Amino acid sequence: MSDNATVTTVSALGNDLAGKYLTFYIGNCTYGVELVHVIEIIGIQDATSVPGVPAYIKGIINLRGRIVPVIDVRLKIGEEEKAYDERTCIIVINWQESLVGLIVDSVSEVIDFSADQLSALPEFSNVNTKKYLSSVCKTGNRLVLNLDCEKFLTDDTVSELHG
Amino acid sequence: MSVFDASMEPMVEMFIYETTTLLEQLDEILIDSEKAQNMTTDNINEIFRIMHTIKGSSAMMGLSSMSELAHHTEDMFFIVREDPSKMHGSLSGTIFDLLFQSSDFFKAEVEAIQENSEEYQPSDASDLTAMIADVIPQLKGLAPVKAPVIKPVAAKESTTAAAPSAPSAPAPQAVKPQDPQGETHAVRVFFEDGCQMENIRAFMLLTQLKDYCDEITSEPENPENNSACSSEIIKNGLLVRFKTSLPLEQISSIIENSVNIKSYEYEGSQSNSTASADAAAAAPHTQVVTDVQSAPVADLTESAPEAAPQEAAAQTARQGTKQSLISVNQIKLDQLMDVMGEIVIAESMVANNPELRNLHLDNFYKSTRQLRKLTDQLQDIVMSIRMVPLSGVFQKMNRIVRDMNKKLGKDVVLNTVGGETEVDKTINDVLADPFMHMIRNAMDHAIESPQDRVAAGKPAEGIITLSAQNVGGEIVITIADDGRGLDRSKILEKAKKNGLLNKPEKDYTEKEIFQLIMLPGFSTNEVATEFSGRGVGMDVVRKNIEKVNGVISIDSKKGVGTTFTVKIPLTLAIVDGMEVAVNNETFTIPITSIRQTFKLSSEIDLLTDTEGTEMVMLRGICFPVIRLHKIYNIDTSVTALEEGIFILVESDSKSACLFVDQLMGEQQVVVKPFPAFLNRYSIKGNGLAGCTIMGDGSISLILDVNNLLNNF
C-alpha cells in the first residue's frame, strides 16, 4: 500500500513550469522528465497485473479512484529488473488527458534548465535508449537524459541493450 | 453585444437549468395527456405553473419574446383551467399543437443561450403568439354559461395582456377569506438563498401584486431603485402591505407561484374602517409557510401512515419527486468519487495497520467495523449517484414519434420497455442522438403508410418497440419496428453505386449486407426528407455507439420488420459480480453469466481429450475447463483440480467451467474501463471487460465471459 503521506503534488509548485525538469535515477543514470507533464510522485504500490500487455507494463493501480497504468522504466529502456525498495517511486504523468505512472529507482530533484543548457543528443549515445530521449543536459558533473514522453509512451519495442 | 449584462451572468446558468427542467416536465405532461386524450386538472394546473414560472424568469432575464409567448400560453390555460371540458372540444388538437410548438420554441431559445450566451440573440415568437391569441377568443366563445363570476377576470386577463394570472392550485393553508376593502394585510416574503438580485425580484413581485391589490406599500420602499436594499431583503425579507378585494388565498397563491420565493409569512391584518370579528380573529393568526416548494413533501411523510385520500397523496408524491431533485456539476461527482476512494484506502490502512498486530483491542476493532460498514454504505451511495435511468431518453423518443406521426400522416405507436434500466450519466447523454436517428429512420423509411400496411395485411397502426435490459452485465437496447424490413437487393445495388463494396456481391452474407447501411455515405431512400435520408444517419449512429464501446447489429425480415440491437458493454455500469481469487489476483465474474459453482467430487467425471483439453461431465453434458491461472499466467499453488473450485459460465452460445483458487463472495461493482493507454493491447480479446475498485482499494479485473469463451 502506498504511503500517501509522502505524496507530493509537484504540479502545485507554480505556474511557470517551462524549462523545469524532474530528475530521477535508473541505476547510475540520471533521467529527466518535463515538469509540465508531472502530476505527482507517489510511493511504490502493488499493481494489479493485466494479461496481454508487454512485460514492462506492470499493471494498473488505483490512484484515488482513477485507474492508472504503471510502466517500469527500467524494463522499458532495457535495464535489468530490480526489486522495489523503499526508494522506488511512481512518477504520475499526464499524457494525452490520461494518467500514466512511471516506476523509477528513486526521484532526485527538480532542475531548471535554460534552453542553452540543453543540447541535442550526442551521436555516440546508445541507439536504443536514444529513441526515447529529447535532449541531454549537463549539470555539475552529471549528465541528465531527458525523456521524450511522447516517444517513450507510444513506442512499443523494448530496447535490448543496456543504455 | 450580449443580451445579458455582466451582472446577469451567474443567473444564466440557473435560468437554463430551471427552464430545461420545466420544459422536460411539460413535454412529459403533454405526451401523456395527448395519449389519454384528456387533461387532468392537475396537469392543467401544472402547465399553468410551468408557463408562469417561465414567464417570470424569462422576463427577469430580459427575454421578451419568451415571456410574451409564455404569457399567452398562460392566458390560454387560464381559460382552460376554468373549464377543463374545453380540452375535449374541437380545439383540443390545436391547443396541443400550439403547446408543443411553444415548448419547442422555448427549448430552441434555451439551447441557443446555452451554446453561446455572449452572442445569443432572441428569436421572434410573434407568429406563435399570434396563433395563440387567435385561439383564445375561440376558446372563450365555446365557454358554457357556467362560471360566470370568473369569466370577467379571464376576459380582463387576455385583453390587458400584461397582468400575470391568478393562482394555479388552491392554497394549501387555511387562511380565511377576509372581508374585502379597508383592511391592510401584511405579508413578509423571503427569497431563496443566493437567488441574487433580490431587489429586482421584490419589485417583480410587487408589480405582480399591483394588479390585484390596492395601496401597496413595501418595506424597503421602491426596491428596484436601490440595489443596496438587497441585503436588507435577504435579512428581513420583504414586507408588503396591501389592501385587496380578492380572497387572501388568491394573493398567497400569487406569491407562492412567483419564482425564487423561499417562504412567506402572513403577519396579519389591520382593519381601519370596520373592526369585524372576523378580522380580529385573523389578526393573531400568523401563518408561516416555509419553503413553499417542498412543503407537500413534509405533508406526505406526516400523513403517510394514515390512509390519506389517495388522490391527494398521489399529487403530493408527484410534486415531491419533482422538487427533491437537484443538479450537480459532474466534475463534483468525479471529485466525490476520488475522495471516496481515498477514504476506503485510508480506512483499510487504519484497520489493517501492521503496528496494531498482536494487540488485543476489542473496542478498536468494534469501531473499525462500524467505520467499515459506514464507508461501504457511503461508497454504494456515491457510486449510485452517477447512474440515471434511461427513461429520460425514452421520453424524448415519444415526442419524436408524435411529431412525425403528424407530419408524415402515419399512425405509429411507440412502446417502451425497461426505461428504469440504469446507465452511467455519460452513456445516457451519448445515447439520445443515435436513438433519435434510429427512431426517425424507422418512422420515415421502415413503417409504411397506413394504406400500404392494410394492403399488406398488417394492422394500420405501426408499432416501434424500444426496450432496454441488463443482460449478462451488458445493457442491451433494441429498437424494433414492424415495417417493411430491409431490402437486401436494394442495399447491395445502392452500395455498389456508391462504391462501398469490397468483394463480389454474392459473397455478402445477410448480416454483412445489413451492416452496409451503417457505412458513411449510405442512404436507401431516394428522396431525402425533412427527417432523415441525408446519408449521414446510420454511420453517425454507429460512431456514437462505438464512443461508449457499444456494438450495433441489425436483424431484418422483409415485410415483417427490422430490429436494431445495441449492446453496450458494462463500461461504467454497476454489475453484480462474483469475486474469485487466483493466487493474489481477484477477478470479478458477472453473476448473470454464472450458472453454477461446484467442487470436484467423485460423482463428477473428469475427462481429457486427445489434445489434452480437460473437460468435466455434468448431468451428462461435457464442459471444457478453462484454468484462469493458465490463461493469465498466474503463479498459484492451487493447480490440482480437486483443490480449487469450478464456476460454470455461459455466454450466448457456449458454456465452460472456469477453474479458480477460491470464491471470495458476491459484490456489486462499478465497472471502470481500462485506461486509454492500454487500448492498443488486446485486453478485450483476452476476455476482460474492465476493472473495478474493491472495498480495500485494490483492483479487480472483470471477466467478459463472451469474449473469454470465444477466445480460449
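Keep in mind it's a predicted model, so treat the numbers as computed, not measured.

Conventions we followed
Residues numbered from 1 in each chain as written. Chains lettered and ligands numbered in written order. Predicted model: local features only at pLDDT ≥ 70, side-chain atom pairs only at ≥ 80, totals over all residues. Heavy atoms only, no water. Contact = heavy atoms within 4.5 Å. Buried area = accessible area lost by both parts, 1.4 Å probe. Polar contact = N/O pair within 3.5 Å; in protein donor to acceptor, adjacent residues only side chain to side chain. Helix = DSSP H or I, 4+ residues; strand = E, 2+ residues; numbered from the N terminus. Salt bridge = Lys/Arg side-chain N within 4 Å of Asp/Glu carboxyl O. Buried < 20%, exposed > 50% of the residue type's maximum accessible area, 1.4 Å probe, protein only. Pairing = 2+ DSSP bridges. Axes fitted to C-alpha atoms, helices over the stretch in contact; angles between N-to-C directions. Arc of directions from axis to C-beta. pLDDT = per-residue confidence, 0-100.

Draft legend 1. Structural detail: the interface of chain A and chain B. Contact with chain A, which involves 27 residues of that partner, is made by 22 residues of chain B. Both sides together, the interface formed by chain A and chain B hides about 2,300 Å², and carbon and sulfur atoms give 67% of it. Seen at the junction of chain A and chain B, the total is one residue pair in polar contact (both at pLDDT 80 or more). Within the residue set of the side of chain A that touches chain B, elements represented by two or more residues are strand S4 (57-63), strand S5 (66-72) and helix H3 (149-154) of chain A. It is S5 of chain A that contributes the most residues to the side of chain A that touches chain B, five residues altogether.

Draft legend 2. Representation of the pattern of salt bridges within the structure. Counted according to the given criterion, the structure contains 24 salt bridges over all chains. A salt bridge links Asp105 of chain A to Arg74 of chain A, with the shortest nitrogen-to-oxygen separation between them at 2.9 Å. A residue pair is termed long-range when its members are at least 10 positions apart, and Asp105 of chain A in the loop between strand S7 (98-104) and strand S8 (106-112) and Arg74 of chain A in helix H1 (residues 73-76) qualify at 31 residues. Note on accessibility: Asp105 of chain A and Arg74 of chain A belong to one class, buried. Note that Asp97 of chain B and Lys406 of chain B form a salt bridge whose closest N and O atoms lie 3.6 Å from each other. Here the residue Asp97 of chain B occupies a position in helix H4 (residues 92-115), and Lys406 of chain B occupies one in helix H15 (residues 391-408), the gap between them amounting to 309 residues. The partly exposed category is assigned to Asp97 of chain B, whose relative accessible area is 28%. For Lys406 of chain B, a relative accessible area of 45% gives the class partly exposed.

Draft legend 3. Region of interest: the sheet that holds strand S9 (residues 462-471) of chain B. Residues and elements named next belong to chain B. An order of S7-S9-S10-S12-S11 is seen for the five strands of this open sheet, with the pairing classed as mixed. Two strands lie at the open edges of the sheet, namely strand S7 (412-417) and strand S11 (551-557), each paired on one side alone. Here the strands of the sheet are splayed against their neighbours by 15 degrees on average, with no regard to which way each runs. Two elements, S9 and strand S10 (residues 474-481), share eight bridges in a ladder whose sense is antiparallel. Opposite Ala468, over in S10, you have Ile477 as the bridge partner. Across the sheet, H15 is in contact with S7 and S9; its angle to S7 comes to roughly 175 degrees. Of the strands in this sheet, S7, S9, S10, S11 and strand S12 (561-568) are in contact with helix H16 (residues 425-446), which crosses S10 at around 20 degrees.

Draft legend 4. Quick look at the environment of Ala115 of chain A. Tracing the chain through its elements places Ala115 of chain A in the loop between S8 and strand S9 (118-119). Each C-alpha atom of the pair Ala115 of chain A and Gly19 of chain A lies 7.3 Å from the other, and the pair is 96 residues apart in sequence.

Draft legend 5. Region of the structure containing helix H18 (residues 488-497) of chain B. Residue and element names in this part refer to chain B. If you check which residues of H18 are buried, you get Ile491, Leu492, Lys494 and Ala495. Projected down its long axis, H18 carries its buried residues within an arc of 165 degrees, all on one side. Facing away from the buried side of H18 by over 90 degrees, the exposed positions are Glu493, Lys496 and Lys497. Tucked into the core, H18 has its buried residues touching helix H19 (510-516). Two residues or fewer after H18 comes Gly499, characterised by a positive phi angle close to 65 degrees.

Draft legend 6. Representation of the environment of Ser384 of chain B in the model. Residues and elements named next belong to chain B. Residue placement: Ser384 occurs in helix H14 (residues 362-385). Under the relative-accessibility criterion, Ser384 is labelled partly exposed at 36%. Between the C-alpha atom of Ser384 and that of Asp424, which follows or precedes it by 40 residues, the distance is 8.9 Å.

Draft legend 7. Layout of the confidence of the model for chain A. Residue and element names in this part refer to chain A. Considering every residue of chain A, the mean pLDDT works out to 79; 80% of them sit at 70 or more. Under a pLDDT of 50 for its full length, residues 1-14 has, in the predicted model, 26 contacts with residues more than four places off or in other chains. Under a pLDDT of 50 for its full length, residues 159-163 has, in the predicted model, 16 contacts with residues more than four places off or in other chains.

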